[in-house]
There are 2 protein chains.
Amino acid sequence: MTFNVTILGSNSAIPTIKRNPTSQLVNHLERFFLIDCAEGTQVQLRRNRLKIQRINHIFISHLHGDHFFGLIGLISSMHLLGRKKELTIYGPPLLKDILDMQLVASQTELNYPLNFHPTNPSENETIYEDEKLSISTIPLNHRIPTCGFLFKEKQGKRRLIRDEVKALNIPVEQFYEIKNGADFIKEDGTVISNNEITKDPHIIRSYAFCSDTSYFEPIIPLIKNVDLLYHETTFMQDRAKAAADKFHTTTIEAATIAKKAKVKKLIIGHFSNRYDEPKLLLDESRTVFANTQLALDGKVFEV
Amino acid sequence: MTFNVTILGSNSAIPTIKRNPTSQLVNHLERFFLIDCAEGTQVQLRRNRLKIQRINHIFISHLHGDHFFGLIGLISSMHLLGRKKELTIYGPPLLKDILDMQLVASQTELNYPLNFHPTNPSENETIYEDEKLSISTIPLNHRIPTCGFLFKEKQGKRRLIRDEVKALNIPVEQFYEIKNGADFIKEDGTVISNNEITKDPHIIRSYAFCSDTSYFEPIIPLIKNVDLLYHETTFMQDRAKAAADKFHTTTIEAATIAKKAKVKKLIIGHFSNRYDEPKLLLDESRTVFANTQLALDGKVFEV
């Protein structure tokens, strides 16, 4: 029941030798979703031995370069490596024009279908949905239109208790209805109640990605109780003024959002280049929200 | 009298953990010129401790992504790091639209003047000139319009022989004319011939960058006798057909160009991802042109 997030970049603005700008790979039941794609993301994927062709959906939060300058390179490499499977990009409408213009300039006709799903960063909308998972946008408050993404598992069905099913010799044809809550009626008419032969569905897990944004309380109801929250933390608290001016967040602010939203775990990233040692940010965030961790390049977090 | 080339990428097409795609930094008398700018170039510059703000001129050979996808990121980082000095980009006209669209999308107004000099890849034109150096385009034969770049020092002036100048007590005001070939006339009317007080100018050095192209003999007169030739060598000779189909060059072909153009040294790069071990390409190239070296990431070549 895999559901985890690999951090491919933890820096803001500028890539350095140690830290790449924003990108994350979400693995939900071995389906791979990429969030943001800074310059260097394709190499970060290789470095972490993650297969680029397994990514079928890419979500771009906004059009600042440290969140999407690596996208055209990744799209091109997928093409050069022989991809045939379709790829869907979710992002601000202008992103499509930027990608198209670069494909035209290089006279590239992609070998695979590239779908584009424009996002509306001012709305909380479901933009992806399958049987197991839904992904919706989280409107954020940044200098340009920006949204985060909420990954939420869907309520699964009840799960059969294998030993009971076997003992009662329940026919396979009835599994579907029983998983949906039906009782089992034996040949002699005895009713076996559903809760004797099934157990509760798996717990629903959820991951919220919130970058970039100023301290913005309207996100709290949307991310309430999530298992894992990534919140940008560009600055330490002594630079609260700079953070507000630049529509970014401090350690204490991110931790306050986590606390108010009652999330289970907070991971922080998008660190300003001024911090060589992100542990300082961690310590400060933990004064408000103890279960904080650093979203450093290469780390994997279970949701 | 510095004149050298640092290789920032030696791969074709796709960046890997070991090798970046094409970019090179030319240092001529501590003036820095960047040729091509694949994704990851700004990190390669940092890794090689080269200061990005010292670059004032960037030359883009063509609009395949492995030659320019890192440019918008470099331009943005220069801005974020407080650049005020102007920067000039030389490249195909469409490049300007691609850059502009991305700056508009991120609502970025650069802090520094960004000049754009459109190149015409079908002409051999001088596109940069100062007192010491000229840079001209080399039309190449690739799938899309592409040019190489020839860096050629200008003939310097004659150089004063310090001891003679001192012994004869030649006034500083006369240095300029003497460097231009004038004799020196002593107060008593004695003529001291110019070649007694000056020595020959520095030897003119030249560097030719040729990527991407098929085997293309029309470049030979343009690169004749250069001190250092970089020529793309995407494939080994057993893939000559693939090379021709893709408008690329093999080891033997690049070495043949070097030989026919009587260059002093050949460096080869733009290796296909299929070659884990570029030494195989080196050995094959040397069968035709002995003074070949591999243009591997991080290597510095004196011109």
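Counting restarts for each chain: residues are numbered from 1 in the order of the written sequence. For naming, the first written chain is A and the first written ligand is 1, with later ones following in the order written. A pLDDT threshold of at least 70 governs which residues receive local features in this predicted model, and a stricter bar of 80 or more applies before side-chain atom pairs are shown or counted, although totals over entire chains, interfaces and linings include all residues.

Considerations on the relation of the copies chain A and chain B
Superposing copies: least-squares fit, C-alpha atoms only, residues required to have pLDDT of at least 70 in both. For the match of chain A to chain B, the screw axis carries a shift of 0.0 Å, the RMSD comes to 0.2 Å, and the turn is 179 degrees. The operation mapping one copy onto its partner corresponds to a two-fold rotation axis. Ranked by how close their C-alpha atoms come to the rotation axis, the residues of chain A are headed by Gly40(A), at 2.8 Å. Two residues qualify as being in contact provided that their C-beta atoms, derived from the backbone, are within 7 Å of each other. Most of the interface of chain A is mirrored in chain B: 100% of its interface residues are interface residues there too.

A short note on the interface of chain A and chain B
Interfaces are often sized by the accessible area lost when the parts come together. Taken together, the 31 residues of chain A in the interface contact 31 residues of chain B. Elements with a minimum of two residues in the side of chain A that touches chain B: α1 (41-47), α2 (71-80) and α3 (93-105) of chain A. Among the elements that line the side of chain A that touches chain B, the one with the most residues is α3(A), at 6 residues. In terms of residue class, the side of chain A that touches chain B is built from 14 nonpolar, 12 polar and 5 charged. For helices the rule is a DSSP run of H or I covering at least 4 residues; for strands it is a run of E covering at least 2, with both sets numbered from the N terminus onward. For this classification, Asp, Glu, Lys and Arg are treated as charged, while Ala, Val, Leu, Ile, Met, Phe, Trp, Tyr, Cys and Pro are nonpolar and the rest, including Gly, are polar.

As for the environment of Val191(A)
Residues and elements named next belong to chain A. For Val-191, the location among the structural elements is in strand β12 (residues 191-192). Placed 94 residues apart in sequence, Val-191 and Ser-285 show a C-alpha to C-alpha distance of 55 Å. For Val-191, the residues in contact, after removing those within four places along its chain, are Asp-183 and Ile-185.

Here's the deal with the pairing of strand β9 (residues 147-153) of chain A
Residues and elements named next belong to chain A. Buried means a residue has 20 or more other C-beta atoms within 10 Å of its own C-beta, exposed means 12 or fewer, and partly exposed covers the counts in between; C-beta atoms are placed from the backbone. Taking burial as the measure, the 7 residues of β9 include 6 buried ones, the bulk of the element. Pairing between two strands requires that DSSP report at least two bridges joining them. Pairing analysis gives 7 bridges linking strand β8 (residues 133-139) to β9, with the strands arranged antiparallel. Each residue of the ladder has a partner; that of Thr-137, found in β9, is Phe-149. Relative to strand β14 (residues 206-210), β9 is paired through 4 bridges, and the arrangement is antiparallel. Along β14, the bridge assignment pairs Phe-149 with Phe-209.

A word on the sheet that holds strand β3 (residues 31-35) of chain B
Think of a sheet as strands paired side by side through backbone hydrogen bonds, with each pair either parallel or antiparallel. Residues and elements named next belong to chain B. An order of β6-β5-β4-β3-β2-β1-β18 is seen for the 7 strands of this open sheet, with the pairing classed as mixed. Unpaired on one side and paired on the other, β6 (114-118) and β18 (300-302) mark the two borders of the sheet. Taken over all neighbouring pairs, the strand axes of this sheet differ in orientation by 20 degrees on average, direction set aside. With 3 bridges joining them, strand β4 (residues 55-59) and strand β5 (residues 87-91) adopt parallel strand pairing. Bridging from a neighbouring strand, Ile-58 pairs with Ile-89 of β5. Helix axes are fitted to C-alpha atoms over the stretch in contact, other axes to C-alpha atoms as well, and angles between N-to-C directions run from 0 to 180 degrees.

Considerations on helix α9 (residues 251-260) of chain A
All names here are of chain A. Extensive coverage of α9 is indicated by the burial of 7 of its 10 residues. Among all positions in α9, only Thr-251, Ile-252, Glu-253, Ala-254, Ala-255, Ile-257 and Ala-258 are buried. Of the surrounding secondary structure, the elements contacted by the buried residues of α9 are α7 (220-223), β15 (228-232), β16 (265-269), α10 (279-286) and β17 (292-294).

Observations concerning the pairing of strand β16 (residues 265-269) of chain B
On any regular strand, side chains alternate: one points to one face of the sheet, the next to the other face. Residue and element names in this part refer to chain B. Of all 5 residues in β16, 4 are buried, a share of seventy percent or more. Sheet topology places strand β15 (residues 228-232) next to β16; 5 bridges connect them, and they run parallel. Residue pairing for β16: Tyr-230 is matched across the bridge by Ile-267. Relative to strand β17 (residues 292-294), β16 runs parallel, the two sharing 3 bridges. Across the sheet, Leu-266 pairs through a bridge with Thr-292, a residue of β17.

With respect to unusual backbone geometry
The linkage connecting Ser211(A) with the following residue, Asp212(A), adopts the cis geometry, with an omega of -10 degrees. Structurally, Asp212(A) is set in the loop between β14 and α7. Backbone geometry at Phe247(A) places phi at a positive 60 degrees, although glycine is not the residue there. Position of Phe247(A) among the secondary structure elements: in the loop between α8 (240-245) and α9. Phi at Asn169(B) takes a positive value of approximately 55 degrees, unusual for a residue other than glycine. Residue Asn169(B) is classed as exposed on the basis of its 8 C-beta neighbours within 10 Å.

Some words on α2(A)
All names here are of chain A. In terms of burial, α2 is a largely internal element, 8 of the 10 residues being buried. Among all positions in α2, only Leu-71, Ile-72, Gly-73, Leu-74, Ile-75, Ser-76, Ser-77 and Met-78 are buried. Looking at the packing, one finds that the buried side of α2 touches α1, β4 (55-59), β5 (87-91), α3 and β6 (114-118).

A word on the domain arrangement of chain A
Taken domain by domain, chain A consists of domain 1 (3-155 + 205-302) and domain 2 (159-199). Computed over C-alpha atoms, the centres of domain 1 of chain A and domain 2 of chain A are 43 Å apart. Residue ranges labeled as domains rest on an automatic or database domain assignment.

Notes on the sheet that holds strand β7 (residues 126-129) of chain B
Residues and elements named next belong to chain B. Strand order in this open sheet of 7 strands is β7-β8-β9-β14-β15-β16-β17, and the pairing throughout is mixed. Of all strands in the sheet, those with a lone pairing partner are β7 and β17, marking the two edges. Neighbour-to-neighbour, the strand axes of this sheet turn through a mean angle of 20 degrees, independent of strand direction. Along the sheet, helix α9 (residues 251-260) contacts β15, β16 and β17; its crossing angle with β15, the most-contacted strand, is approximately 155 degrees. Contacts from helix α10 (residues 279-286) reach β16 and β17, with the element oriented near 170 degrees to β17.

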